Amino acid sequence: MVTINGENRADYNEITITEMLDREGFDRNRIAIEINGVIIRKKQYNETYLHDGDRIEVVSFVGGG
């Protein structure tokens, strides 16, 4: 089980960040991802796998004025 933004997800072990983002419906162009306190570069999304116990934070950037 992994935790994404404070919510547990059982079926997310051993998938890539890209797969997780697709399942969750995030816009990859406007986010930053942290796994267990480490920021992950966008170019690493396809090669970084989620593992049991990971804590993922996805931060969305919002424009405004």
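A few points on the structure. (Residues numbered from 1 in each chain as written. Predicted model: local features only at pLDDT ≥ 70, side-chain atom pairs only at ≥ 80, totals over all residues. Heavy atoms only, no water.)

1. Section: the pattern of salt bridges
On inspection of all chains with the given rule, the structure shows three salt bridges. Among the salt bridges present, the one from Glu24 reaches Arg9, with a minimum N-O distance of 2.9 Å. Within this pair, whereas Glu24 is found in helix H1 (residues 17–24), its partner Arg9 is found in strand E2 (residues 7–9), the two being separated by 15 residues in sequence. The exposure class of Glu24 is partly exposed, given its relative accessible area of 25%. Linking Asp22 and Arg28 is a salt bridge whose minimum nitrogen-to-oxygen distance equals 2.4 Å. Given the relative accessible area of 49%, Asp22 is considered partly exposed. (Salt bridge = Lys/Arg side-chain N within 4 Å of Asp/Glu carboxyl O. Helix = DSSP H or I, 4+ residues; strand = E, 2+ residues; numbered from the N terminus. Buried < 20%, exposed > 50% of the residue type's maximum accessible area, 1.4 Å probe, protein only.)

Any functional reading would require information beyond the geometric quantities listed.
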